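This is what each chain is made of:
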Amino acid sequence: MDRDVKKEKEGNEREKDIEAMVACYQGFDPVAYLQYNYTPPRADFDRPDSIVPWKLGCLHRAFTEGDVGGKVLVDVGSGPTIYQVLSGCEVFDTLFLTDFLEVNRQELRRWLGGEGCSSLDWTPYLQHVCKLEGRSPSAWSEKAARLRSVVSDILPIDVHRSSPLQSSAKLPGAGADCLVSCFCLESVSPDLTFFNRALGHIGGLLRPGGHLLLIGALGESYYMGGRGVRIPVVPLDEAQVCASLKACGYTLVRLEVYTLPQDMRVGVDDVTGVFFVKARKP
Ligand SMILES: Nc1ncnc2c1ncn2[C@@H]1O[C@@H](CSCCNC[C@@H]2Cc3ccc([N+](=O)[O-])cc3CN2)[C@@H](O)[C@H]1O
């Protein structure tokens, strides 16, 4: 087979892999997803070993230790959650939430609209982050107001496109000052090649000298995105995450790893650990 025909065949196969992943996401149910991952035991603020307090602690430290700053923060693949920007919203004045699915963007709009009909009560999350900041938990409504005031837009995104945001014109010319992305890249990539490409694509949204805060799953091969909705995940280990960051030109600032206790393995995925990365784009 000559080289051009081979390349065309490979390109067609890549397209098919992406189409299959898109098809998996058509059944994604934000309400079920929030129930599976963002209620106890995974989100138990009375348990120091619960996953969500660990994630919020990593994000709080990363956003407040003095090296992260600027004007624009972009959250890549927000899903139906806001926890990932509860610390960042105090540092940045312009925040873009993004997701591939309209159902998730709609879920975010409902919370931001303050209509009180979002699918999850985020108050305990707001209270916990206030405590991390040395504030009274009763300041949670001020934090909610701050977050609502800095969200500039909720945008469609596709990390498999070389320009993931259709409306990247909304970003400064040089790019965002900081990116945060949680559990997205490995959950939308058919294999490690796609993961690495997607990491490269989102890097194009970040200015030189900006920071990437990445949370993701270790050892995960699938997760339930709703009742009967099994979504494949590319299993990662720490070495692969570090190799991907290096291949994309990032300087690793910190890698933290959480290993799931047995009772956090609740049958909605086969994740064994969670990584937190703080990296800088040179
Ligand atoms: N092409 C695309 N580009 C950008 N985003 C896309 C694209 N396709 C789908 N999306 C978007 O990406 C998705 C992001 S949610 C992905 C869920 N990741 C797996 C899940 C998460 C999770 C949470 C918590 C814990 N824990 O231990 O506490 C473990 C785990 C592990 N399982 C979803 O919003 C979809 O809408």
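Just so you know, the residues in each chain are numbered from 1, in the order the chain's sequence is written. Only residues with pLDDT of 70 or above have their local features reported here, since the model is predicted, and side-chain atom pairs are shown and tallied only from 80 upward, although totals for entire chains, interfaces and linings are computed over all residues. Derived side-chain values reflect all non-hydrogen atoms in the structure, with water molecules and hydrogen atoms excluded from consideration.

> Quick rundown of the site of the ligand? Include the residues and the values.
Whether a residue is near a molecule or strand depends on its heavy atoms: if one lies within 4 Å, it is near. Neighbouring residues of the ligand: 24 residues in total, closest D99, D158, F183, S187 and E220. In this structure, D99 approaches the ligand through a side-chain N or O atom, which is 2.6 Å from an oxygen atom. At 2.8 Å, a side-chain N or O of S187 approaches a nitrogen atom of the ligand. Its free accessible area being 750 Å², the ligand has 98% of it covered by the protein chains. A 3.5 Å cut-off defines polar contacts: any pair of N or O atoms within that distance qualifies, except that in protein one atom must be a possible hydrogen donor and the other a possible acceptor, and neighbouring residues in sequence count only when both atoms are side-chain atoms. Each accessible area value is a Shrake-Rupley result obtained with a 1.4 Å probe; residue values ignore everything except the protein chains displayed when judging cover.

> For the confidence of the model for the protein, give the residues involved together with the corresponding values.
The pLDDT averaged across the protein works out to 96; a share of 99% of its residues lies at or above 70. Of the two predicted TM-score estimates for the complex, the pTM is 0.96 and the ipTM is 0.97. Confidence scores here are pLDDT values: one per residue, from the predictor, ranging 0 to 100.

> I'd like to hear about empty space enclosed by the protein, residue by residue, with values.
In this analysis, the protein atoms alone were mapped onto a 1 Å grid. Cavities are point sets where a 1.4 Å probe fits without being able to get out; pockets are open sets with protein on both sides within 12 Å along at least five of seven lines; lining residues have an atom within 4 Å of a point. Grid points are joined across faces, edges and corners, and a volume is the space filled by probe spheres set on the points. Applying the stated criterion across every chain yields a total of one cavity of 30 Å³ or more. The volume enclosed by the largest cavity comes to roughly 600 Å³. In terms of lining, the largest cavity is formed by 38 residues, of which the most central are Y25, Y33, F183, S187 and Y223. The leading source of residues in the lining of the largest cavity is helix α1 (residues 3-25), at four residues. When the residues that make up the lining of the largest cavity are grouped by side-chain class, the tally is 24 nonpolar, eight polar and six charged. Note on conventions: DSSP H or I runs of at least 4 residues are helices, E runs of at least 2 residues are strands, and numbering of each starts at the N terminus. Under the grouping applied here, Gly and all other residues not named as nonpolar or charged are polar, the nonpolar ones being Ala, Val, Leu, Ile, Met, Phe, Trp, Tyr, Cys and Pro and the charged ones Asp, Glu, Lys and Arg.

> Could you give an account of the pattern of salt bridges, naming the residues involved and the relevant values?
By definition here, a salt bridge exists when the distance from a side-chain nitrogen of Lys or Arg to a carboxyl oxygen of Asp or Glu is within 4 Å. Counted by the stated rule, this structure contains 22 salt bridges. Between E133 and K143 there is a salt bridge, with the nearest N and O atoms lying 2.7 Å from each other. Separated by ten residues along the polypeptide, E133 in the loop between α5 (123-132) and α6 (140-150) and K143 in helix α6 bring together distant segments of the chain. Two residues, R254 and E256, come together in a salt bridge whose shortest N-O distance is 3.1 Å. Only protein chains enter the accessibility calculation, which uses a 1.4 Å probe; a residue whose area is less than 20% of its type maximum is buried, one above 50% is exposed, and one in between is partly exposed. What makes E256 buried here is its relative accessible area of 17%. Taken together, the shared-partner salt bridges connect R61, E65, D67, R254, E256 and K278 into one network.

> Now, about the layout of surface pockets: what can you tell me, with residues and values included?
In this structure, the largest pocket occupies an estimated 170 Å³ of space. Lining the largest pocket are R14, E15, I18, D158, H160, R161, F194, R197 and H201. Considering only residue class, the lining of the largest pocket consists of two nonpolar, two polar and five charged.

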